Amino acid sequence: MAHSVLGIHHVTAIAGDPQRNLDFYAGVLGLRLVKRTVNQDDPFTYHLYYGDGLGRPGSILTFFPWNDLPRGRAGAGQATAVAFAIGAESLGFWIERLLRHGIAYRRPTRRFGENVLAFSDPDGLGLELVAAARPGPYEPWEDSGVPPEHAIRGLHGVTLLEQDPAVARALLTATLGFREVDRHDGRIRLEAGAGGPSTFVDVQAAPDFWSGRLGVGTVHHVAWRLPDDAAQREMRDRVVDAGRAPTDVIDRFYFRSVYFREPGGVLFELATDPPGFTVDEPPESLGTRLVLPPWLEPERATIERHLPPLRLPAPARAGA
């Protein structure tokens, strides 16, 4: 049986100061820091993973905090917005919460039948909260400080800004198995797997827009979910057949990865669901200490000397 991607596995972006990043995503947005580890290609840099209570695929936004990197520029050939799902009645709560924390936001808009609240993180990364009719299966982190009925319920989708949206759409549908569900105002909505939040990708036309520049406040790559190694191998073969140049399979310890660029320039990853984030930490203590893959453990002392200390924020209660 031919496999298709199941939806979004995770999105990885670039941040500046790691403590500011942690304070915003865990403190203000109420996501759980599910993994405090390092960039395996640059082990003197953190790799911070945020998500739901267990770090389920489809709930994860991760960051490489490169404090000395210049600010990037959002543009064509990039994922320019990361959307989270919230409950259909939670938009007012989040407007008040953003106001309370001094975070500017844009007037809510209506998109594909759902209300969308757009704002940016402290580094300028474009974020959205989508009041979804069915906000997804992800369980809020019980210690987030955000009332469970208003908590973020995983990713909703991503927006790809493309100079030639037809080419991006063709790869997403013919190779990765997405299907088109709607179009509006230069935006094509595709979904994968069972559909709904965490399976959406919007391809937005930007034929005359400048090209994006990677840096702080931009998305590094978008990872798509595959259920196991066999499905990943099959999908890699299909990517080759589509004329792309994927990497070999890379063991990231929490999942296995294959990387390639789609025709417009966005870096994609094919990531397996297993083994998951509890492979080296029990669920109750996820994200509370620095963990390293086995091949980096001999370098722990050196790595720890290069990393700045991080403090988990106290839960930012609903009224805080």
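See the structure shown above.
Residues numbered from 1 in each chain as written. Predicted model: local features only at pLDDT ≥ 70, side-chain atom pairs only at ≥ 80, totals over all residues. Heavy atoms only, no water.

Right, let's get into unusual backbone geometry. Between Pro-274 and Pro-275 the backbone carries a cis peptide bond, its omega angle lying at 5 degrees. Note on placement: Pro-275 falls in the loop between strand 16 (267–272) and helix 5 (300–306). Although it is not a glycine, Asp-185 adopts a positive phi angle of roughly 50 degrees. (Helix = DSSP H or I, 4+ residues; strand = E, 2+ residues; numbered from the N terminus.)

Let us now look at the nonpolar core. Of all hydrophobic cores here, the largest spans 69 residues; its most connected members are Tyr-25, Leu-29, Leu-172, Leu-176, Trp-224, Phe-268 and Leu-270. Residue contacts for Leu-29: discarding those within four places in its chain leaves Phe-24, Phe-84, Trp-94, Phe-119, Leu-127, Val-146 and Ile-152. Core analysis: the second largest hydrophobic core is formed by eleven residues, Tyr-49, Phe-253, Ala-271 and Leu-286 among them. (Core = buried A, V, L, I, M, F, W, Y, C linked by side-chain atoms within 4.5 Å. Buried < 20%, exposed > 50% of the residue type's maximum accessible area, 1.4 Å probe, protein only. Contact = heavy atoms within 4.5 Å.)

We now examine the layout of surface pockets. Take a probe with the size of a water molecule and roll it over the atoms, and the empty space left behind shows itself. In this model, the largest pocket occupies a volume close to 420 Å³. Looking at the lining of the largest pocket, the elements that each hand over two or more residues are strand 5 (78–86), strand 6 (109–111), strand 7 (114–120) and strand 8 (126–131). When the residues that make up the lining of the largest pocket are grouped by side-chain class, the tally is ten nonpolar, eleven polar and seven charged. If you add up the space inside the second largest pocket, you get close to 210 Å³. (1 Å grid on protein atoms, 1.4 Å probe; cavity = no way out; pocket = protein on both sides within 12 Å on 5 of 7 lines; lining within 4 Å. Points joined across faces, edges and corners; volume = space filled by probe spheres on them. Nonpolar A, V, L, I, M, F, W, Y, C, P; charged D, E, K, R; others polar.)

Another aspect to go through is the sheet that holds strand 13 (residues 219–226). Strand order in this open sheet of eight strands is 2-3-4-1-13-16-15-14, and the pairing throughout is mixed. In this open sheet, the two strands that pair with only one neighbour each are strand 2 (32–39) and strand 14 (250–251). As judged from the three bridges shared by strand 3 (residues 42–51) and strand 4 (residues 60–65), these two strands associate in the antiparallel manner. Residue pairing for strand 4: Tyr-50 is matched across the bridge by Leu-61. Running at roughly 155 degrees to strand 16, helix 4 (residues 229–241) makes contact with strand 13, strand 15 (256–261) and strand 16 of the sheet. (Pairing = 2+ DSSP bridges. Axes fitted to C-alpha atoms, helices over the stretch in contact; angles between N-to-C directions.)

For the rest of this paragraph, the subject is the packing of aromatic side chains. What the rule picks out here adds up to 16 aromatic pairs. Considering the side-chain rings of Phe-64 and Trp-66, the 5.3 Å spacing of their centres and the 45 degrees angle between planes classify their relative orientation as tilted. Residue Phe-64 is classed as buried on the basis of its relative accessible area, which comes to 7%. Of the residues examined, Trp-66 reaches a relative accessible area of 19% and is grouped as buried. When the ring centre of Phe-200 is taken as reference, the NZ or CZ atom of Arg-189 above it lies at 4.6 Å. (Phe/Tyr/Trp six-rings, centres within 6.5 Å; stacked < 30°, edge-to-face > 60°. Lys NZ or Arg CZ within 6 Å of the ring centre and 35° of its normal.)

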